[in-house]
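Observations on the model geometry
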Amino acid sequence: MRDEVLIFGGTTEGRELAAALSAAGVQHLVSVATDYGKEIEDSFGEKNVIVGRKNADEMAELMATEGFTVCVDATHPFATLVSAEIKKACEKTGVEYLRLLRDTGAKIELMTASNECGFDKEIESNCRKRMMLWNADVVNESIQIVTCDSVMSAAKELEKISGNILLLTGSKDLKTIMAEISDKTRVYARVLPNIESITKCEEAGLRGKQIIAMQGPFSKDMNVVLINEICASVILTKESGATGGLDEKLLAARECGIKVVMIKSPESRLDGSGCDVGASVKGYSLPEVLEKLGVDKKRVKSGEIVKESNSLNEVKDNIGKSIILAGIGPGDARYYTRELEDALENADVIFGAKSILERVDKNRIKAEFVPLYMGKDILEFLNEYPNYKKPLALFSGDICLCSGAKNAAKVFEGAGYGVHKISGISSVALFANRLGLGLEDCSIVSAHGRECNVAGYIAEAKRLIILPSSCAHAGDIARTAFAVAKINDYGRNDSVKVEGFGECGDLKIVIGYELGTALERILEVSENELGDNLFSREEKGKCLLYIENERAGEMPVIRGISDDEFVRGKTPMTKEEIRAISIRKLGLSADSVLYDIGAGTGSVSVEAALLHPDIKVCAIERNDEAVELIKKNKEKFCTDNITVIKGEASEVLEKMAENTCISAFTYECSGSVVEGELLVPTHAFIGGSSGNMRVIIEILKKMNENIRIVINCVTLETLTEVLTVIKEGEFAEPDIVQVSASRYRKVGEYHMADAINPVYIVTI
């Protein structure tokens, strides 16, 4: 972790970085240009701030004197001259330079309409992609946006447009803009209410009512009032993102039916790697900067900052504020609760996913609708626009069942908000009502946007309601259910067919589509009806599944599988009797993560995976033939909770140990690529080590010092090596069992013993 970090800030993203470093205990200093900038930093609780504009030499002197090793440029995206000075200072002193990027795009929904742009798709409302509108006119209903590379080109575009002009770009470039406008009387500028800004307005030729000195942030409604007051026909703005109020400006322009000229952010020219086209300096997102500064990787998951609790000052600021989190029910307004109706009428801003907001009955509702649904995004919006006093966040169905309200509540409670929750009618309850079911007789599983061993639950539950990610996913689950139904009465998907059950006669699948809406359908489907056309991959509707498997209760509680039921080749396999004791010694629970090392045919992996649908198994095997056998047995026994990785165990584990803090991984070894969720092992079974026993055990203990390891030793040499590792590693006293078993087979008139090789089972 870096000892000392210099941040050139004065921006929201700079404050977020400083707050994260403070929470992580990283020493840092924030440099801002003005006293006003320091006041803002002070209000957010920042203790280490210096003030004053500096050139490259002055910056270099600061870096050298204070001994900084890394500098983060978190200045405004348009402050290109300042960034250039910072780069020079870093080059002069040898200090590492990191550019912190801002998401400068708009979050409102826009539809690109010009073929010249090269885009004709919808820019989704909360996707956080940059609004890439290059040098072309874009029409969306009554809004026309012209994007320009520079202030000069933007001013020339303004000159072409008749009518009054409203400048929303501050005071810095007023002279350049006014020099291109022939009729200066039609120009109005909104600037900060300080002497410096007003002086620049006067120097540019603006007088009296043309100067609008106001302090933001500004809501969409405020922008609409100002546009109408001066009868503006066009506004000039920078591509400054949510922090600069870009959404509110564009929304106001659309409502007023006027044009927009937008100056592209210098960072809009970033390519896929985060580099400015034609430049040599790479930019980084906030999570990437924190990772480069050595902040604990546990704080960075899937590209999102896992932020510490908000600063005490922010929490204090939010005391007395409140938000309502409400379930909107499964369909239309018929399923609103009275409490929800009151909340909708009283709110001044309503948040929710686009699909949720489209379902809202907007009669008698005066609130502004904002398409945000993640708690952290809603909180950020409310911090930027504190004029909203009665926020309401809507979630589908009931907030108590598989809802984003759970995480949103944590975010707002951590920020000092009072959180009021309004339950709604869940789609599960409505579905059960339609089918005449009692929920107490059903198991409920969510496979919506999460990894879930659906096949395992289908095999275990007689009556199961599943929440899929999409309609197409529902079709995939239904196909899986019919595959599971063909498994024989001991849970094996082979050619043996049980009368009736083997033909799926005891399986019932019902799909509930768009419940609670005018499009509602209840479909009972057969295996023959599950073609690709049941639901297309593009189908946007929502659905649930009900699966009734009357034979599920006949599954043995302890699912011992005989050796001859596995797909086998020449690969050695842990024998049935040894498996039974080894799995008993593992002591797996429903939330266990088992690494099966030297998995062979996958017999231990399969038996462990069948113990409970939530157990996760990672089968590691280096032999090509064995890997294919594991995959075949995984498919045969419908054990979707097994992940197969090909490679040398010691190499694979070393690679995995480096990434155990990352929730998603891509592992490459011996030409094999595996993508999925990487979880820290709670248990490990070692059936083969290829002479690397010591290394394997050491890495497993490094990954989880409390891991439970069961080792099968066939030879005395392996047993000796294991005992040596245990002794030198100062492990607790191991549990050692030697198992000798014989099977009897008929030879003529007699039954003769067929001995299995003795095996030592060591548990540490």
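Please read these numbers as outputs of a predicted model, since none were measured by experiment. (Residues numbered from 1 in each chain as written. Predicted model: local features only at pLDDT ≥ 70, side-chain atom pairs only at ≥ 80, totals over all residues. Heavy atoms only, no water.)

1. A few points about the layout of surface pockets
What counts is decided by this rule: Only protein atoms enter the 1 Å grid used here. Points where a 1.4 Å probe fits but cannot escape make up a cavity, open sets with protein on both sides within 12 Å along at least five of seven lines make up a pocket, and a residue lines them when an atom lies within 4 Å of a point. Grid points are joined across faces, edges and corners, and a volume is the space filled by probe spheres set on the points. The helix and strand labels rest on DSSP assignments: H or I over at least four residues marks a helix, E over at least two residues marks a strand, and numbering proceeds from the N terminus.
Taken as a whole, the second largest pocket encloses approximately 890 Å³ of empty space. Lining the second largest pocket are 37 residues, with Pro572, Gly598, Gly687, Gly688 and Val714 sitting closest to its centre. Counting residues per element, the ones that place at least two in the lining of the second largest pocket are helix H20 (603–609), strand S29 (616–621), strand S33 (683–686), strand S34 (708–713) and helix H24 (716–728).

2. Quick look at the sheet that holds strand S20 (residues 368–370)
Defined as follows: Strand pairing requires that DSSP identify at least two bridges connecting the strands. The angle between two axes is taken between their N-to-C directions and runs from 0 to 180 degrees, where each axis is a line fitted to C-alpha atoms and a helix contributes only its stretch in contact.
Strands sit in the order S20-S19-S21-S18-S22 across an open sheet of five strands; the sheet is parallel. Of all strands in the sheet, those with a lone pairing partner are S20 and strand S22 (418–422), marking the two edges. On average, each strand axis in the sheet is inclined to that of its neighbour by 25 degrees, with strand direction left out of account. Where strand S18 (residues 322–327) lies against S22, five bridges are found, and the strand directions are parallel. Across the sheet, residue isoleucine 324 finds its bridge partner in S22, namely histidine 420.

3. Focus: the packing of aromatic side chains
This is how the line gets drawn: Centre distance within 6.5 Å is the pairing criterion for rings of Phe, Tyr and Trp, where only the six-membered ring of Trp is used; planes under 30 degrees apart are then read as stacked, over 60 as edge-to-face, and the remainder as tilted. With a 1.4 Å probe rolled over the protein chains alone, any residue whose accessible area is under 20% of its type maximum counts as buried; one over 50% counts as exposed, and the rest are partly exposed. Here, a charge over a ring means that NZ of Lys or CZ of Arg falls within 6 Å of the ring centre while also lying within 35 degrees of the ring normal.
By the definition in use, this model includes five aromatic pairs. Centre to centre, the rings of phenylalanine 351 and phenylalanine 381 are 5.5 Å apart; their planes meet at 80 degrees, and the pair counts as edge-to-face. With phenylalanine 351 in strand S19 (residues 349–351) and phenylalanine 381 in helix H14 (residues 375–384), the pair connects residues that are 30 residues apart, well separated along the chain. With a relative accessible area of 0%, phenylalanine 351 lands in the buried category. With relative accessibility at 12%, the residue phenylalanine 381 sits in the buried group. Here the aromatic residues Phe351, Phe381, Tyr385 and Tyr388 are joined through ring pairs into a cluster of three or more. The ring of phenylalanine 218 carries the charged tip of arginine 190 above its face, separated from the ring centre by 3.7 Å.

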